Structures are given as structure tokens and as C-alpha cells.
Amino acid sequence: MPSEPLVAEHALEFPGGYTRTTGPVIGRFLTELRDGRIVGVRTAEGRVLVPPLEYEPETGEPVTGDYVEVGPAGTVMSWAWVESPRKGHPLDRPFAWALIKLDGADTALVHAVGADDAKAMRPGLRVRPRWKPEADRIGHITDISCFVPEVTAMVAPIRMEYRVRPGRSLSRFLEGVRDGVFLAGRCTHCDKVYVPFRTSCPECGSAISEEVELPDTGTVTTFAINNLPDPRAPEVPFVSAYIQLDGADVPMIALVADVPAHEVRQGMRVRAVWAPPEERTLSMANIRWFAPTGEPDVEL
Amino acid sequence: MGNRCAVIGVGQTRYQTRRRDVSIAGLVREAALRALEDAGLTFKDIDAVVIGKAPDLFEGVMMPEAYLADALGAAGKPMTRVHTAGSVGGSTALVGASLIQGGVHDRVLVVAFEKQSESNATWALSTHLPFNASLVVGAGGYFAPHIREYMRRSAAPDHIGTLVAVKDRQNALKNPYAHLRIPGINRQMVESTPMLWEPIRYLETCPSSDGACAMVLASEDKVTGTPAWVHGTAMRSEPMARADRDTVSPQAGKDCAADVYRQAGITDPRREIDVAEVYVPFSWYEPMWLENLGFAPEGEGWKLTEAGSTALDGDIPWNASGGVLSSNPIGASGLIRFAEAAQQVRGMAGEHQVDGARTALGHAYGGGAQFFAMWIVGAQKP
Ligand SMILES: [Zn+2]
């Protein structure tokens, strides 16, 4: 059996770091960075290189001595998302490396973009530098901590709190459903029965005073099979149906259950399924849903 | 009907899921400036501004008209906000037209918008008030049962809704402002999408859009350029909870159509109208409104759809622009119908122009199909 291979950790590091001479062009760039400005240098052809280079890459000619302030905003040309930052990365949370073309520059600069998530990144994204505090700036590319997207949207939390009173007619109706009955109102002028109970007729405007107790059976006139969950009906599919209670002239909307959604039919006879009396409150939640009675369908 | 009134400028924004690049003010201004440019005018030439949008809860800005006055050049001028739910765009045009017809103003800017991306319409339409158990989930949840009832009564084959969904999206491919542009859209593509609120499939539903539309309306002696003349205007509403209300073919819709046809001298809409822009947010509403608006006898609207009569090359094209099924900035959707009707009779509808269109219907409905707004516009002076 061979023995375990020998392993040792080793670091190669020049003590204190190399002292790198910048030369006049890069030196100017870093000096400006320390002062919180970003400059590029103009080439003989008039292009602005950012970061500046000492020699124009296409012609090999020295760049001009003309320095141009660019940005500070710029546009992301391309990017790569770093999900797990490593030691030595500029940010300790996920970020993007991006090619950023600063306003007024003809070339792109590589830097980190501190975006909330990868979905926030796209070519064309407008970004601005986030500078280190002046006292911490030393004339280094890391004087810019990172770039961050421009502000294009804000979250506006809006919350209104109401005290809702159900009103006389709905209160009366809810007392009924607490007691296990559907209270309706009959317009004596139109001879129409409205449920829930209401105090005025939507057709003629007359006051309604005649209360009518309706049975808890009715007919499904039409319905939707909902495949999008709702807080009040989290399981899908659920059926919301127009149910015309026996003796009523308008339908009510309620859930239909105890039957597979695709077996619900227009004309189906149904009966309310009530919460047990001890659980009832002044609320429509007392009616859990309507369930088929098993009677033959009604011809609509 | 009062003094003559004409559309002399139309402006639309591109409709899309999110307009991240503009504020609400920037959005409405974009449409307004395009309408003014079309009319060859500036804000200075406008006497009054009428603005419409759907419920404030959609963007969470209360009374946005106050904040938008600057963007619409309304300082020192009358500014009115209209609200009739989904039909509001149509009602906004009609309120503007009435200011001209009544002789109050000579040039009125009408604008409508929605920036749906700022919240979620289904949330805004399903606010679950205490004590109430309406169980309606958004607009689709509300309209699905009425579509089902239409299908039962008319015995229309199941694929009619699919045909409308395909036809309107094919038209949208010819409209540079349309939101949903689906190359190669076909029946199989629509039928493979899931049921959201059965019988409504995903691709039989309108999108959620950001966008704005604007028009400049003028009195007769201020008409410039190519006008679309207003031949009839009508609005109707009806109570939602009335006994015996026909939710498939609401009486208010029939009455509104009868009124606008009478004003325009139309007795046979299918023959006398050349093109219609009708509010169809769910595909089945095309056959339903074909009947409600008198283009087909009761129970037979689907036959026109099936025969291709409502296609761009049919005898009565409906929604040549792609309609609400292709672009739906809710508050603007009605005004877009009215504006597209005007563009057709002006001969300025571009690639989706119906050849020789002389008379067009613009239609909008809203709420639980309880608000209706319609106009007839024509190439000729009434
Ligand atoms: Zn009555």
C-alpha cells in the first residue's frame, strides 16, 4: 500500500507587495480616481480609452496627453454573475463582473456591479460608481467599491386601514346566516326577491321592507372552474358558481364542492353545507360551500 | 347631437408589459405629444383636457389627474377625470366629444392610460372586503361563468374562442403598437395553453400592459388634416344586481348600440359599418358582442367568427388592430378602440388598414359588463 501523498500549503507573496511604477498615463488615471473622478485618455484618432492605456492598441502609437473626464454613469455591455464570491473579490455577496462603457468613453471598463440578483442584470443597464470614502481612497481601481444600478423605480408601500360596517341590510342578512337561514327581501313593486337581503330595489329604487326566508337549496345557473388559487380557496381547481336559491330572483356566488370540479353542471341542484352552529359568526364563512343534492338537474 | 366634432390627432405609446423607462407622467405625455403632432398643434392650442383611467388601486395613486395636469399642459385649463371601470377609455372620448358638441370648447385633448406593471390587476379587483364572500377572482373569474352560459345557450362549438384568439393576434402582428405579437400564432398554440378560469384559456385572455393613448378632438371650424367625423356617441349603464339581468347580452349594451346607430343613421350594422374596434378582453366576447351589437341574430354570433367574417379580410373586420386581446392597458383600452376606429376612417391605420373603410364603430365595456360606451366615426361629414 502506498502511503498518503505528502501535501503542504504554501503561499508565494512578495513581502509588502510589488511597488509598481504607473508611468504618466496610468498614474493620472489613478490620481483622478483618488480625487473621485474617472478620466480616459484620447488617442490620436480621437477615441477615448477608459481605463487609459499608454499606447494605442491598434496603431501602437503613444496616446495623446489629452485626458477627458468620463461618466461617472455608464452602460453595462456584458456581464457574468458571481454567485459565490471568493476571497479577494471586491464584494462579499453575489455580484456581477461587467464590462461597463462609461458615458463619453469609447472602450469598456471591467468592474463589479452590486446588483440585487442576476435578474437585475442586463446589457444596457445603467450604472454609477459607489466610491469609497475620500479618506480611504489611495489611487487604486478599488477606490470604486463597485458600480450600482441607477435608481429607476421605487417601492411605494401603501396601506389603508378601514373600519368596515356592513350596514343595516347586510347585518340583517348575516344574522340570518348565523342562524342557518338565507334572508331575502321582496320588492313589492317589482315582485322580485333579492338575496342577500337588501333595503332598496336595484330595478325601481323602492324601499324593500318585506323579509322572506329562503330555503338553503338552489340551482347552479353557471360557474367557473378556477385553476388559479385564491386565499379563500387555496386548493385548485375550485368551482365558483352562480346559485339561484329556490324562491330567489337573483343568483348568489358561492363555492360548489363535495363533487369533482368537472362534474359540476349548469342546472345542478345543490344545498348549502353549513358550519356547525357553535362555529358560526356574523359572516358568509358560515356557508362552507354548496354540495349536490342528487336531485335531477333543472332545465335552464 | 349638437355641433359637429372630429378627431384630428391620434397618439399611442407602444404597449408592453413594463415601461420601466418612463413615469406615469412621461407615459401620458408621450401619447399626448404624438396626438398633438398628428394634429399639427401644441399644448397651447388645447382648451381642455379630459383624462381617464381604471381604478386608482391599480397604481396606488389617488386622483392621478391632479398630478398629471403638468404633464398634459393643463395648467390654467379645465381638466376632468372620467371613471367608468374598463369602459373608461371610451367614456373619456365621449366626455371630450360632448364638450365640443355642446359648444363649450373648440379643441379638447383626451387621454387615457394604465401602468399595470405597478401592481397587479387581479389583486386590485379582488379586495376581499370583510363580511362579503364574493369569491370572484379577478376579471377572468367574473366573466368565465357568463361565457359558459353563452356557450350553453348558443351551442357554439368549443373552438370558437380559439379562432378569435388566433385572429386578433394575427392582426396584432400588423400593428407596431401591439403588446402581444406572437409569430406563427395558431389554434394548436392557443389550445395547448392551460385553462385559467375554465372555459377561459391562458391565450384566450388579454395581457397586462403599460400604455397610454390620446386624441385631439376639434369643432368643425378648427378641423385640420384628415379628420374622422363623429357620427354618433352613446353611453349606458345598468345595475349589476337587478333581477333577470341578462349577463350574457346586457340590455345596456343593446340600448347603447341602438342609440348610437340611430344617431348615425345605421339600420344594418353588419352591412353599413366597415370595421369595428370592440372591447374583447376574453376571446368569447367577440361572438357575444356580435349578437349584443346587432351584427348577428341571437345565438348566431359565433357563426360569423367561424366563417371568418370578422377577420381582416372578412366582410366586417373586428379588431383589425389586434384588439384588447393583444394590448390591454386597462384604462386606455377603450380609448384605443375609439382611436383605432378613427384611424381606420382616416385611412391612417397602416398595415392593418381595412381598405376603403368609411364608417367605423368604437366600443368599450366595463365593470361587470354594466357600463357601455360607443361611437361611430366616419370619413364623411355627418
Ligand atoms: Zn323594484
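Residues numbered from 1 in each chain as written. Chains lettered and ligands numbered in written order. Predicted model: local features only at pLDDT ≥ 70, side-chain atom pairs only at ≥ 80, totals over all residues. Heavy atoms only, no water.

Visitor: Give a description of the sheet that holds strand β9 (residues 182–187) of chain A that names residues and reports values.
Guide: All names here are of chain A. Spatial strand order, β10-β9-β11: three strands in an open sheet with antiparallel pairing. One side of each edge strand has no neighbouring strand; the edge strands of this open sheet are β10 (192–194) and β11 (210–214). Neighbouring strand axes in the sheet, compared pairwise and without regard to direction, differ in orientation by 40° on average. Pairing of β9 with β11, which is carried by five bridges, proceeds in the antiparallel orientation. In the sheet register, Ala184 faces β11, and the bridge partner there is Val212. Relative to the sheet, helix α2 (residues 167–178) contacts β9 and β11, its axis offset from that of β9 by approximately 140°. (Pairing = 2+ DSSP bridges. Helix = DSSP H or I, 4+ residues; strand = E, 2+ residues; numbered from the N terminus. Axes fitted to C-alpha atoms, helices over the stretch in contact; angles between N-to-C directions. Contact = heavy atoms within 4.5 Å.)

Visitor: Give a description of the environment of Ala339(B) that names residues and reports values.
Guide: All names here are of chain B. With respect to the helices and strands, Ala339 occurs in helix α13 (residues 330–346). Note: C-alpha distance between Ala339 and Leu109 (230 residues apart in sequence) is 12 Å. Once you skip the residues sitting within four places of it in the chain, Ala339 turns out to touch Val10, Cys213 and Met215.

Visitor: Tell me what's going on with the interface of chain A and chain B, and back it up with residues and numbers.
Guide: Contacts between chain A and chain B engage 37 residues on the former and 28 residues on the latter. Note on chain A versus chain B: buried area summed over both sides is about 2900 Å², and carbon and sulfur give 60% of it. Among the residues chain A hides against chain B, the three largest losses belong to Leu228(A), Arg232(A) and Tyr242(A). Together they make up 19% of the total. Linking chain A with chain B are two salt bridges, by the criterion used here. Where Lys192(A) meets Asp244(B), a salt bridge forms, and the shortest distance between an N and an O atom there is 2.5 Å. Linking chain A with chain B are 11 residue pairs in polar contact (both at pLDDT 80 or more). Elements that contribute at least two residues to the side of chain A that touches chain B include exactly α2, β10, β12 (217–226), β13 (238–245) and β14 (252–256) of chain A. The biggest single contributor to the side of chain A that touches chain B is β12(A), with six residues. When grouped by side-chain class, the residues that make up the side of chain A that touches chain B number 22 nonpolar, eight polar and seven charged. (Buried area = accessible area lost by both parts, 1.4 Å probe. Salt bridge = Lys/Arg side-chain N within 4 Å of Asp/Glu carboxyl O. Polar contact = N/O pair within 3.5 Å; in protein donor to acceptor, adjacent residues only side chain to side chain. Nonpolar A, V, L, I, M, F, W, Y, C, P; charged D, E, K, R; others polar.)

Visitor: Can you explain the UniProt feature "domain: Thiolase C-terminal" (unreviewed entry) in chain B? Please cite residues and give values.
Guide: The positions UniProt marks with the feature "domain: Thiolase C-terminal" (unreviewed entry) are residues 244–376 of chain B. In residues 244–376 of chain B, the share of helix is 41% and the share of strand is 13%. The end C-alpha atoms are 30 Å apart. (UniProt positions renumbered as here; feature names shortened; annotations may be inferred.)

Visitor: How would you sum up the coordination of the zinc ion? Please name residues and give values.
Guide: Residues and elements named next belong to chain A. Only Cys187 (SG), Cys190 (SG), Cys201 (SG) and Cys204 (SG) from the protein reach the zinc ion as donors, at distances of 2.2 to 2.3 Å. Angles of 104 to 114° at the metal separate the four donor atoms of the zinc ion, which places the site in the tetrahedral class. For Cys204, a relative accessible area of 31% gives the class partly exposed. (Donors = N, O, S within 2.8 Å, 3.2 Å for Na, K, Ca; no water. Tetrahedral: all angles 85-135°; square planar, octahedral: opposite > 155°, others 65-115°. Buried < 20%, exposed > 50% of the residue type's maximum accessible area, 1.4 Å probe, protein only.)

Visitor: Before we move on, can you summarise the pattern of salt bridges with the specific residues and values?
Guide: Across all of its chains, the model carries 48 salt bridges over all chains by this definition. For Glu118(B), the salt bridge goes to Lys115(B), with nearest N and O atoms at 3.7 Å. In this structure, the salt-bridge partner of Lys167(B) is Asp168(B), at a minimum N-O distance of 2.8 Å. Owing to a relative accessible area of 8%, Lys167(B) belongs among the buried residues under this scheme. The exposure class of Asp168(B) is buried, given its relative accessible area of 0%. Connected via shared salt-bridge partners are Arg28(A), Glu32(A), Asp35(A) and Arg37(A).

Visitor: Give a detailed account of the side chain of Lys53(B), specifying residues and quantitative values.
Guide: Residues and elements named next belong to chain B. Here Lys53 shows up in the loop between β2 (48–52) and α2 (64–68). Residue Lys53 is classed as buried on the basis of its relative accessible area of 2%. At 3.2 Å, the side chain of Lys53 and the backbone oxygen of Pro55 are in polar contact. Within polar-contact distance, the side chain of Lys53 engages the side chain of Glu59 at 2.7 Å. Not counting residues within four places of it along the chain, the set of residues in contact with Lys53 comprises Phe58, Glu59, Pro64, Arg81, Val82, His83, Val88, Phe113, Glu114 and Gly331.

Visitor: So what's going on with the packing of aromatic side chains? Which residues, and what values?
Guide: Tallied over the entire structure, the rule returns 19 aromatic pairs over all chains. Aromatic side chains Phe143(B) and Phe282(B) sit 6.0 Å apart centroid to centroid with 45° between the ring planes, which places their arrangement in the tilted category. Of the two residues, Phe143(B) is situated in helix α5 (residues 138–154) and Phe282(B) in the loop between β9 (275–277) and α10 (285–292); the sequence distance between them amounts to 139 residues. The exposure class assigned to Phe143(B) is buried, which follows from its relative accessible area of 6%. Aromatic side chains Phe338(B) and Trp375(B) sit 4.9 Å apart centroid to centroid with 40° between the ring planes, which places their arrangement in the tilted category. Taken together, the positions of Phe338(B) in helix α13 and Trp375(B) in strand β11 (residues 371–378) put the pair 37 residues apart, joining distant regions of the chain. There is no split in this pair, since Phe338(B) and Trp375(B) are both buried. Members of the aromatic cluster, each reached through a chain of ring pairs, are Tyr142(B), Phe143(B), Trp197(B), Tyr279(B), Phe282(B), Tyr285(B), Trp289(B), Tyr365(B) and Phe372(B). Against the face of Tyr194(A) rests Arg198(A), its NZ or CZ located 6.0 Å from the ring centre. Directly above the aromatic system of Phe223(A) lies the positively charged group of Arg148(B), at a separation of 3.7 Å from the ring centroid. (Phe/Tyr/Trp six-rings, centres within 6.5 Å; stacked < 30°, edge-to-face > 60°. Lys NZ or Arg CZ within 6 Å of the ring centre and 35° of its normal.)

Visitor: I'd like a rundown of helix α3 (residues 88–101) of chain B, residues and numbers included.
Guide: All names here are of chain B. Taking 1.5 Å per residue as the helical rise, α3 with its 14 residues ought to reach 20 Å, and the 19 Å between its terminal C-alpha atoms agrees with that figure. Burial within α3 is extensive, with 12 of its 14 residues counted as buried. A positive phi of about 75° marks Gly103, the residue just after α3. (Expected span 1.5 Å × (residues − 1).)

Visitor: Explain the environment of Glu61(A) to me, using residue names and the numbers behind them.
Guide: All names here are of chain A. For Glu61, the location among the structural elements is in the loop between β2 (48–49) and β3 (67–69). Its relative accessible area of 46% is what places Glu61 among the partly exposed residues. Linking Glu61 and Leu33, residues 28 residues apart in sequence, is a C-alpha distance of 25 Å.

Visitor: Residues and numbers for the layout of surface pockets, please.
Guide: Taking a probe equal in size to a water molecule and rolling it over the atoms shows the remaining empty space. Its boundaries defined by the atoms lining it, the second largest pocket holds a volume of some 1700 Å³. Considering the residues around the second largest pocket, the lining is formed by 45 residues, among which Met154(A), Val155(A), Ala156(A), Ser117(B) and Glu118(B) are closest to the centre. Classifying every residue of the lining of the second largest pocket by side-chain character gives 22 nonpolar, 10 polar and 13 charged. (1 Å grid on protein atoms, 1.4 Å probe; cavity = no way out; pocket = protein on both sides within 12 Å on 5 of 7 lines; lining within 4 Å. Points joined across faces, edges and corners; volume = space filled by probe spheres on them.)

Visitor: Which residues make up the pairing of β11(B), and what values do they have?
Guide: Residues and elements named next belong to chain B. For β11, the tally of buried residues reaches seven of eight residues, placing the bulk of the element in the interior. Here eight bridges tie strand β8 (residues 228–237) to β11, and the two strands are oriented antiparallel to one another. Within β11, the residue paired with Ala234 across the bridge is Met374. Note: strand β10 (residues 359–366) against β11, eight bridges, orientation antiparallel. Residue pairing for β11: Ala364 is matched across the bridge by Ala373. The hairpin turn running from β10 into β11, its antiparallel successor, is four residues long, and Gly367 in that turn takes a positive phi close to 60°.

Visitor: Break down the side chain of His105(B) for me, citing the residues and quoting the values.
Guide: On the secondary structure map, His105(B) appears in the loop between α3 and β4 (107–115). The contact partners of His105(B), leaving out residues within four places of it in the chain, are Asp47(B), Ala48(B), Pro78(B), Leu99(B) and Ile100(B).

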